[in-house]
Structure formats: structure tokens, C-alpha cells
Amino acid sequence: TLMGVGEWKDYSSQERLPVVVKIETGTNTDYFVGFNRAAGANAQNDEADDLVTIVETGNNGNSYSQSFLKGYINTGQTYEFTNWQGSGANLIVRADSINKLASPGTATVTITLGDLPPTPAPTPCPLYDSVKLDLTTDSYPTEITWVLKNSEGSEVATSPAYSDSNTEYTFEGCFDVCGGEFVIQDGFGDGICCSYGEGSYT
């Protein structure tokens, strides 16, 4: 379980969680998995708000070097390093859950070489509403965005960056959305069905 660096200073040492996990390669080039929590000093992110990020660094991650954002994932999504270090197996990073309502906000991540373990069962929502979105993209998935708002109009969840056309995605979480709204948009303005693929959502 990770917390965002923007909230780290706001909690005592007993309350703090790891900010990043280092994936050691044995070379000067390593990778860091973190939670890009859009809060505190990190509130004005330009990209990947409240998503799990995978960053490549040099100098063995111990001193200054140029870094590269390799990818970012939302709940239920994975990032794969194909044929990790010639092992014949993929190194897989999976975002099991992202909780922006917790204090601090957290992301639970699984990193494994080879087959992933089963996805953990969702945690019951004792205080908030359980939300599930099943969305199938059309032929232009990058045009699809959505936002979930609470009763005060504040955003509590936003869409990931969809990249695969005609593909089913599932989003689940616990949110205080009673009296709020769900807004989905197509960037081109022609909807997600049916001239360019049969997109849908429930």
C-alpha cells in the first residue's frame, strides 16, 4: 500500500506509508512505482492525477538523473515489462485499488514476475456508495472521458486514459456520491455508438 508524496509530510511517522517501491534491475537504470496523489504540493499535477505511475530513472535511483514516465494505471489495470531481464516471464504491476477518500489517499499495488494472483475481492463500502462502471469503448477510445461528482459538485473519480478500441473496461470503488452525478463525454462529439464501433456503458 502506497501513499502520495504530496501528503507524506502531513502525517506522523507512525501514520506514514511508503511513497514508492523500487524495482531493482541490477543496472544503473531502475524503475519506481508510486501513487501520484493529486494533493498538497502535488495538487497541480499535469498528468496522471491519482493514478499509479511507473517511472524510469538512472544512476541507480540514488542521485540526480533524468527520469521518464513509462506509464500509469488505474484500478484493475496493469503495466507489463515484457520478458523481464531475459527471464522469459513478464514483470507485471497491477493497481488493485485506489482510495482517494482515505486520509491519506492510498493505492494498493501488486508486483509479480509471471502470472498474477487473483484480483482481491472488493472491500465492502460501510460509509460510502459502491460504484461500478462497465464501459465498452468504440473505435476511438482516446476520445472517451468521464467524471463522477458528489452532491457538492466536486470530482471524486475520473476516467483513466482509454487506449484499446472496442474493449470492455470495469471501474469499481467506494465514493460519497449520493445526490451527485456521472458525466461521460466523447471528445469528438459524435457519441460512442454506433457509427464508429458499438460502445456502451452501464
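Structure first, text after, so check above.
Calculation rules
- Residues numbered from 1 in each chain as written.
- Predicted model: local features only at pLDDT ≥ 70, side-chain atom pairs only at ≥ 80, totals over all residues.
- Heavy atoms only, no water.
- Disulfide = S-S within 2.5 Å.
- Pairing = 2+ DSSP bridges.
- Helix = DSSP H or I, 4+ residues; strand = E, 2+ residues; numbered from the N terminus.
- Phe/Tyr/Trp six-rings, centres within 6.5 Å; stacked < 30°, edge-to-face > 60°.
- Buried < 20%, exposed > 50% of the residue type's maximum accessible area, 1.4 Å probe, protein only.
- Lys NZ or Arg CZ within 6 Å of the ring centre and 35° of its normal.
- Core = buried A, V, L, I, M, F, W, Y, C linked by side-chain atoms within 4.5 Å.
- Contact = heavy atoms within 4.5 Å.
- Lys, Arg positive; Asp, Glu negative; His and termini not counted.
- Salt bridge = Lys/Arg side-chain N within 4 Å of Asp/Glu carboxyl O.
- Polar contact = N/O pair within 3.5 Å; in protein donor to acceptor, adjacent residues only side chain to side chain.

K.L.:
How should the state of the cysteines be read in this particular structure?
P.N.:
All told, the structure shown has 1 disulfide when counted by the stated rule. The disulfide that involves cysteine 193 links it to cysteine 194, with 1.7 Å between the sulfurs. Taking the torsion about the sulfur-sulfur bond, which here is approximately 75°, the covalent link between cysteine 193 and cysteine 194 counts as right-handed.

K.L.:
Is there a simple way to explain the sheet that holds strand S1 (residues 2-3) in this structure?
P.N.:
Strand pairing within a sheet occurs via backbone hydrogen bonds; the two strands may be parallel or antiparallel. With antiparallel pairing, 4 strands are arranged side by side in an open sheet as S1-S8-S7-S6. Bordering the open sheet on either side are S1 and strand S6 (78-81), each of which pairs with just one other strand.

K.L.:
Just checking my understanding: could you explain the packing of aromatic side chains for this structure?
P.N.:
Two measures describe an aromatic ring pair: the distance that separates the ring centres and the angle between the ring planes. Enumeration over the complete set of coordinates arrives at 10 aromatic pairs. On the basis of an interplanar angle of 75° and a centroid distance of 5.1 Å, the ring pair of tyrosine 79 and phenylalanine 81 is categorised as edge-to-face. The exposure classification of tyrosine 79 matches that of phenylalanine 81, with both residues buried. Judged by centre distance (5.9 Å) and plane angle (15°), the ring pair of phenylalanine 171 and phenylalanine 175 falls under stacked. Comparing phenylalanine 171 with phenylalanine 175 shows no difference in burial state: the two are buried. Three or more aromatic residues joined by ring pairs form one cluster here, namely Trp146, Phe171, Phe175, Phe182 and Tyr201. Seen from the ring of tryptophan 8, arginine 16 lies directly overhead, with NZ or CZ sitting 3.6 Å from the centre.

K.L.:
Sorry, what's going on with the sheet that holds strand S12 (residues 168-175) here?
P.N.:
Read across the sheet, 3 strands follow the order S12-S9-S14 without closing on themselves; strand pairing throughout is antiparallel. Taken across any chain shown, the strands that pair with only one partner, and hence form the sheet edges, are S12 and strand S14 (200-201). By the bridge criterion, 2 bridges tie strand S9 (residues 129-136) to S14 in an arrangement that is antiparallel. The residue bridging threonine 136 from the neighbouring strand is serine 200, located in S14.

K.L.:
Just checking my understanding: could you explain the nonpolar core for this structure?
P.N.:
The tendency in soluble globular proteins is for nonpolar side chains to be buried as a group. In this structure, Ile23, Val33, Val52, Phe81 and Val93 are the most contacted members of the largest nonpolar core, which totals 16 residues. Secondary structure elements with two or more residues in this core: strand S3 (30-35), strand S4 (52-57), S6 and strand S7 (91-99). Once you skip the residues sitting within four places of it in the chain, valine 93 turns out to touch Ile23, Val33, Ile73, Gln77, Thr78, Tyr79, Phe81, Val109, Thr110 and Ile111. Grouped together as the second largest cluster of nonpolar side chains are 14 residues, Leu133, Leu135, Trp146 and Tyr162 included.

K.L.:
Whenever I open this one, the side chain of aspartate 186 confuses me. Can you help?
P.N.:
Note on placement: aspartate 186 falls in strand S13 (residues 181-186). Among buried Asp, Glu, Lys and Arg side chains, aspartate 186 stands out as unpaired, with lysine 149 the closest opposite charge at 18 Å. Of the polar contacts made by the side chain of aspartate 186, one reaches the backbone nitrogen of phenylalanine 188; its length is 3.1 Å. Separated by 3.2 Å, the side chain of aspartate 186 and the backbone nitrogen of aspartate 190 make a polar contact. Residues within four places of aspartate 186 in sequence aside, it is in contact with Asp138, Glu143, Gly191 and Ile192.

K.L.:
Looking at this structure, how should I read the environment of alanine 48?
P.N.:
With respect to the helices, strands and loops of the structure, alanine 48 is situated in the loop between S3 and S4. Overall, alanine 48 belongs to the buried group, its relative accessible area being 9%. Excluding anything up to four places from it in sequence, alanine 48 contacts Asn36, Thr53 and Tyr72.

K.L.:
Help me understand the pattern of salt bridges in this model?
P.N.:
Close approach of charged atoms lets side chains of opposite charge pair. Evaluation of the coordinates by the stated rule reveals 7 salt bridges. Across the salt bridge formed by arginine 37 and glutamate 7, the nearest N and O atoms sit 3.6 Å from each other. On the criterion of sequence distance, the pair formed by arginine 37 in the loop between S3 and S4 and glutamate 7 in helix H1 (residues 5-8) is long-range, its members being 30 residues apart. The same class applies to arginine 37 and to glutamate 7, which are both buried. With its nearest N and O atoms 3.8 Å apart, the salt bridge here joins glutamate 56 to lysine 70. Of this pair, glutamate 56 sits in strand S4 while lysine 70 is found in strand S5 (residues 68-73), placing the two residues 14 residues apart along the sequence. On the accessibility criterion, glutamate 56 (17% relative accessible area) is buried. One salt-bridge network, held together by shared partners, links Glu7, Arg37 and Asp50.

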